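# Observations on the model geometry
Letter by letter, the chains look like this.
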Amino acid sequence: MKTILTGLATLGFGVMLTVGGALAQEQHSEAEPTHFPIEKPHQESWSFAGPFGTYDKGQLQRGLKVYKEVCSSCHSMKLVAFRSLEELGYTEDQVKALAAEYDIQDGPNADGEMFTRKGIPTDYFPSPFPNDAAAAASNGGAAPPDFSLIAKARAVERGFPTFIFDIFTQYAEAGPDYIHALLTGYDHTPPEGMEIPEGTHYNPYFIAGKSLAMPKPIDDGQVTYDDGSPETLDQYSRDVSAFLMWAAEPHLEARKRTGFRVMVFLVLFAGLVYLVKRRVWANVAH
Amino acid sequence: MSGGHSTYTPSTGIEKWIDARLPLPRLVYDSFIAYPVPRNLNYAYTFGGILAIMLVSQILTGVVLAMHYASATSLAFDSVEKIMRDVNSGWLLRYMHANGASMFFVAVYIHIFRGLYYGSYKAPRELLWILGVIIYLLMMATAFMGYVLPWGQMSFWGATVITGFFTAFPIIGDPIQQLLLGGFAVDNPTLNRFFSLHYLLPFMIAGVVVLHVWALHVTGQTNPTGIEVKSKTDTVPFTPYATVKDGFAMVLFFILFAYFIFYMPNYLGHPDNYIPADSLKTPAHIVPEWYFLPFYAMLRAITFNIGPIDSKLGGVLTMFGSIAILFLVPWLDTSKVRSAVYRPWYKLFFWLFVADAILLGWLGSRPAEGVYVVMAQMATLYYFVFFLVIMPVLGLIETPKRLPNSITEAVLAKSKGGAVPAGATAAPETKG
């Protein structure tokens, strides 16, 4: 009786799950998809992935160059200060020179006037638009998102059961994977019958719809690299994704380094406490 | 404390002086050193200690975070990012606090399920159980308000949805919601009162924890057999036996905790909370933190009107009812046998209940559409049937297995010819 009931219950749950899965897959029309993104991003390999991951400074510098020359004309990065760019391998003087390339509005001065001065390392990246309303007005009604945290603010759902495996594989690069997929995902032709709203651009990797307002922002050869890296769309996307991950999580290296020490300590300590526990309980049946 | 008299004997002059005035050392000695615990406690019983240390960890990291946090809608998001970027080890403090909340719930769920499995709520431990449910409720309130503080998209919309529950109640609903929000919508007054309450509630939790431990030390702990302690051979002194076992479990739990802090710090959070709150942009799917998902699934499972109760109120009542029902568990379970070890049928339904709770959690993360709704309705039905039908009926009709006469007998039956039982409890004294 008990086995019958267990069997029935397992069967019940099983049926519920399969039917659920099947029905969830159903009603998936090519021309009018209801779930986004249409395509899941590919899992790229990143130097900062895994328990010993570190940023590739050359890559971050290239990514910064892409951000400065391409993305920054629309996207702000309000939370990142020039001073933190030293972590990308620049010297103090280089950072000073880089900050000085920007004009920063400051003030009011003693006369009550606002004034413009050269940027200094403690300044933050200035925004391309004076305010959100101006940003929205120049971009068809929606302000381009700020980039300070974009690599942590975007993640395509992994679905069951992948999200469980992710705990063990330490997959935490959904953000950069998404950015890379989006930037390289523009040249696809929409499936037959799909209507693309005026002024938007089809991209099957876009997380919130079938198309987005941003046109293809970057293409082969647009940014010059001086370290011999390939000047291709794929490489640009890779580099800027890595850079944005750094911008969102500047202390990632310190975190993983500290983590390793903490784990080694805890595992050894657990071993010692276990031995003490065994010794203490040795004479007590329990 | 449990029945017996204090065995504390102050040895030095200063101890005698203190003991005659404020016998705090005596209290600590009786509660955490000499306090007898059943010798057969397994690792499921270590989560009380783990929860205590998690509460301390949350309070310590939280107090420091509050030194750097600004509870104004225009500053909150950036102040959290300032902690992450510029405060010394700020990233560590914040990730400890955010993941600590999740780990706190991992531990409390294991602790609650352990109580359900071994019948820890049964007489004379009804108040102990009820105090535990109160702690759980306070934890939920604290966690919810804490999630609002970073003022991200999920903070804002989560607060909007959850405070919106109260509007389902006729007449009193709207005033309650306005009182919670400090206005008509989630805004600066909401953030400020949530911050204030988020700082207050953990100390209330600590207060109820004292009562919880007090009640525990009056009745004594249960154990996997569910048989009360009958003789001295059934127990071992808390120190060193329980201290070292709890300590080992804590270190193991810290390994799990550290794994999330250092390698997967954002896994348990929602990416949308890295987008500053925007009252004009509703996220595609508003989902609460994972530890609320089963209740969220039950809330959304009620999609139909029941007589005068519309589906919204029905959902809210179902959700509140799913927690309120926990208060009644000591009286819903009619079985004379405490532990599921000797109740084959209850054991089966218990594990189905665990599976059901996990399924509800997963459904809570799915959009409320199509087949998910039907699944959530069935899972909700089982949740309530487990408490309202299975618990009372099973206790009356189930034939339990034969119970051992005592804890000692159960232990010796398990480890036949193992260690020497006699003098086991004397061992700590001889070990010094």
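Quick caveat, the model's predicted, so the values are computed rather than measured. Throughout this document, residue positions are counted from 1 along each chain, in the order its sequence is written. Ligands are numbered from 1 and chains lettered from A, in the order in which they are written. Local features in this predicted model are restricted to residues whose pLDDT is 70 or higher, and side-chain atom pairs enter the listing and the counts only when it is 80 or higher, whereas totals over whole chains, interfaces and linings include all residues. To obtain the side-chain values, all non-hydrogen atoms of the structure were used and water was disregarded.

### Focus on the overall build of chain A
Helix and strand assignments follow DSSP, with helices taken as H or I runs no shorter than four residues and strands as E runs no shorter than two, numbered in order from the N terminus. When you go through chain A residue by residue, the secondary structure sums to 9 helices and 4 strands. In chain A, the succession of α and β elements from N to C terminus is α-α-α-β-β-α-α-α-α-β-β-α-α. Scaling as 2.2 N^0.38, a compact globule of 286 residues should have a C-alpha radius of gyration of about 19 Å, whereas chain A reaches 25 Å, well beyond that. For chain A, the C-alpha atoms occupy an extent of roughly 85 × 65 × 45 Å along the three principal directions. Within chain A, counting contacts between residues at least 6 apart in sequence, those at least 24 apart form 63% of the total. For the area figures, the Shrake-Rupley method with a 1.4 Å probe applies, and any residue is considered shielded solely by the protein chains shown. Approximately 15300 Å² of chain A is accessible, and the part contributed by carbon and sulfur atoms is 58%. In this treatment the radius of gyration is a C-alpha quantity, and the globule benchmark scales as 2.2 Å times the residue count to the 0.38 power. Working rule for contacts: check all heavy atoms of both residues, and any pair within 4.5 Å makes them a contact.

### Re the overall build of chain B
Of the regular secondary structure elements, chain B holds 16 helices and 2 strands. For 432 residues, the compact-globule formula gives about 22 Å, and the C-alpha radius of gyration of chain B, at 24 Å, lands near that figure. The C-alpha extent of chain B, read off along each of the three principal axes, is 70 × 60 × 40 Å. When each of the 432 residues of chain B is scored for burial, the buried share is 54%. Within chain B, contacts between residues separated by at least 24 positions form 80% of all contacts whose residues are at least 6 apart in sequence. Residue exposure (1.4 Å probe, protein chains only): buried if accessible area is under 20% of the type maximum, exposed if over 50%, otherwise partly exposed.

### Focus on the UniProt feature "domain: Cytochrome c" (unreviewed entry) in chain A
UniProt positions are given in the numbering used here, feature names are shortened, and annotations may be inferred rather than shown by experiment. As annotated by UniProt and renumbered to match this structure, "domain: Cytochrome c" (unreviewed entry) occupies residues 58–183 of chain A. Across residues 58–183 of chain A, helical content stands at 40% and strand content at 6%; the span's end C-alpha atoms are separated by 20 Å.

### Observations regarding a nonpolar patch on the surface
Patch criteria: residues need more than 30% relative accessible area and no salt bridge. Like-charged residues are merged within 9 Å; nonpolar side chains of Val, Leu, Ile, Met, Phe, Trp and Tyr are merged within 5 Å. The term salt bridge refers to a pairing of a side-chain nitrogen on Lys or Arg with a carboxyl oxygen on Asp or Glu at a separation within 4 Å. A surface patch of nonpolar side chains, amounting to about 590 Å² of accessible area, comprises Phe265, Phe269, Leu272, Tyr274 and Leu275 of chain A together with Tyr43 of chain B. Structurally, Phe265 of chain A is set in helix α9 (residues 252–281). Exposure remark for Phe265 of chain A: the relative accessible area of 52% places this residue in the exposed category.

### A closer look at the pattern of salt bridges
One pass over the structure, following the stated rule, counts 27 salt bridges over all chains. Note that Asp227 of chain A is salt-bridged to Arg62 of chain A, the shortest N-O span being 2.8 Å. Of the two residues, Asp227 of chain A is situated in the loop between β4 (211–212) and α8 (233–248) and Arg62 of chain A in helix α2 (residues 57–69); the sequence distance between them amounts to 165 residues. Relative accessible area serves as the criterion here: at 11%, Arg62 of chain A is assigned to the buried category. Residue Lys82 of chain B pairs with Asp86 of chain B through a salt bridge whose shortest N-O separation is 3.5 Å. A relative accessible area of 30% places Asp86 of chain B in the partly exposed class. Through salt bridges with shared partners, a single network forms among Lys122, Asp333, Arg343 and Glu398 of chain B.

### So, the environment of Ile59 of chain B
All names here are of chain B. Here Ile59 is to be found in helix α3 (residues 47–68). For the pair formed by Ile59 and Pro202, sequence separation is 143 residues and the distance between their alpha carbons is 7.1 Å. The contact partners of Ile59, leaving out residues within four places of it in the chain, are Pro202 and Phe203.

### As for the interface of chain A and chain B
Facing the 63 residues of chain A at the interface are 61 residues of chain B. Throughout, the accessible surface (probe 1.4 Å) given up by two parts as they are put together, summed over both, is called the buried area. Both faces combined, the contact of chain A with chain B buries some 5200 Å², and carbon together with sulfur accounts for 71% of it. Applying the counting criterion to the chain A and chain B interface returns 2 salt bridges. Linking Asp86 of chain B and Arg83 of chain A is a salt bridge whose minimum nitrogen-to-oxygen distance equals 3.2 Å. We define a polar contact as two N or O atoms separated by no more than 3.5 Å, with the added condition that, inside protein, one atom must be a possible hydrogen donor and the other a possible acceptor, whereas residues neighbouring each other in sequence contribute only through side-chain atom pairs. In this structure, the connection of chain A to chain B is made through 16 residue pairs in polar contact (both at pLDDT 80 or more). Of all the secondary structure elements, the ones that give two or more residues to the side of chain A that touches chain B are α1 (2–25), α5 (150–153), α6 (162–169), α8 and α9 of chain A. Under the scheme applied, nonpolar residues are Ala, Val, Leu, Ile, Met, Phe, Trp, Tyr, Cys and Pro; charged residues are Asp, Glu, Lys and Arg; polar residues are all the others, including Gly. Classifying every residue of the side of chain A that touches chain B by side-chain character gives 42 nonpolar, 10 polar and 11 charged.

### Observations regarding the side chain of Thr380 of chain B
Residues and elements named next belong to chain B. One can find Thr380 in helix α14 (residues 371–397). The exposure class assigned to Thr380 is buried, which follows from its relative accessible area of 6%. Among the polar contacts made by the side chain of Thr380, one reaches the main-chain carbonyl oxygen of Ala376 at a distance of 2.6 Å. Among residues more than four places away in sequence, those in contact with Thr380 are Met298, Ala301, Thr318 and Leu360.

### Things to note about the UniProt feature "binding site: heme b b566" (unreviewed entry) in chain B
All names here are of chain B. On the UniProt side, "binding site: heme b b566" (unreviewed entry) is annotated at positions that read His111 and His212 here. Over a stretch of 102 residues, the named residues converge on one spot in the fold, their C-alpha atoms separated by at most 13.2 Å. For His111, the location among the structural elements is in helix α5 (residues 90–117). Discounting residues that sit within four places of it in the chain, His111 has contacts with Phe47, Gly48, Leu51 and His212. Inspection of the secondary structure assignment puts His212 in helix α9 (residues 188–219). Contact partners of His212, with chain neighbours within four places excluded, come to His111, Leu128, Leu131, Gly132 and Ile135.

### Some thoughts on the UniProt feature "transmembrane region" (unreviewed entry) in chain A
As recorded in UniProt, the feature "transmembrane region" (unreviewed entry) lies at residues 258–276 of chain A. Regarding residues 258–276 of chain A, the helix share stands at 100% and the strand share at 0%, and the terminal C-alpha atoms are separated by 27 Å.

### Considerations on unusual backbone geometry
In this model, Phe36 of chain A is joined to Pro37 of chain A through a cis peptide bond whose omega is -5°. Looking at the secondary structure, you find Pro37 of chain A in the loop between α1 and α2. Between Thr239 of chain B and Pro240 of chain B the backbone carries a cis peptide bond, its omega angle lying at 10°. The backbone of Trp151 of chain B sits at a positive phi, close to 55°, despite the residue not being glycine. Its relative accessible area of 6% is what places Trp151 of chain B among the buried residues. With a phi angle near 60°, Ile171 of chain B is a residue other than glycine that sits in the positive phi range. Among the secondary structure elements, Ile171 of chain B is positioned in the loop between α7 (153–164) and α8 (173–181). Its relative accessible area of 80% is what places Ile171 of chain B among the exposed residues.

### Digging into the nonpolar core
Core analysis: the largest hydrophobic core is formed by 180 residues, its most contacted members being Leu85 of chain A together with Leu116 and Phe387 of chain B. Top contributing element to this core by residue count: helix α10 (residues 238–263) of chain B, with 17 residues. Discounting chain neighbours no more than four positions away, the residues touching Phe387 of chain B are Leu116, Ile325, Leu326, Val329, Leu332, Phe353 and Pro392 of chain B. We define the nonpolar core as a collection of buried residues of types Ala, Val, Leu, Ile, Met, Phe, Trp, Tyr and Cys that are connected through side-chain atoms lying within 4.5 Å of one another.

### What to know about α9 of chain A
In a regular helix each residue adds 1.5 Å, so 30 residues correspond to 44 Å; α9 of chain A covers 42 Å between its end C-alpha atoms and thus fits that length. Those residues of α9 of chain A that sit buried are Leu252, Arg255, Lys256, Gly259, Met263, Leu266, Ala270, Val273, Lys277, Val280 and Trp281 of chain A. For a helix, the expected span equals 1.5 Å multiplied by the number of residues minus one.

### Notes on the packing of α3 of chain B against α9 of chain B
All names here are of chain B. Direction vectors running N to C along α3 and α9 enclose 155°, while the axes themselves pass 11 Å from each other. When the axes of α3 and α9 are compared, the pair comes out roughly antiparallel. In this structure, the crossing between α3 and α9 has a hand that is left-handed. Within the contact between the two elements, α3 uses Leu55, Ile59, Val63 and Ala66 and α9 uses Phe195, Tyr199, Pro202, Phe203, Ile205, Ala206 and Val209. Only C-alpha atoms enter the line fits that serve as axes; for helices the fit covers just the stretch in contact. Angles between N-to-C directions range over 0 to 180 degrees. For this classification, under 35 degrees means roughly parallel, over 145 means roughly antiparallel, 65 to 115 means roughly perpendicular, and everything else is oblique. Two helices crossing with the near one rotated counterclockwise from the far one by less than a right angle form a left-handed crossing, whereas a clockwise rotation gives a right-handed crossing.

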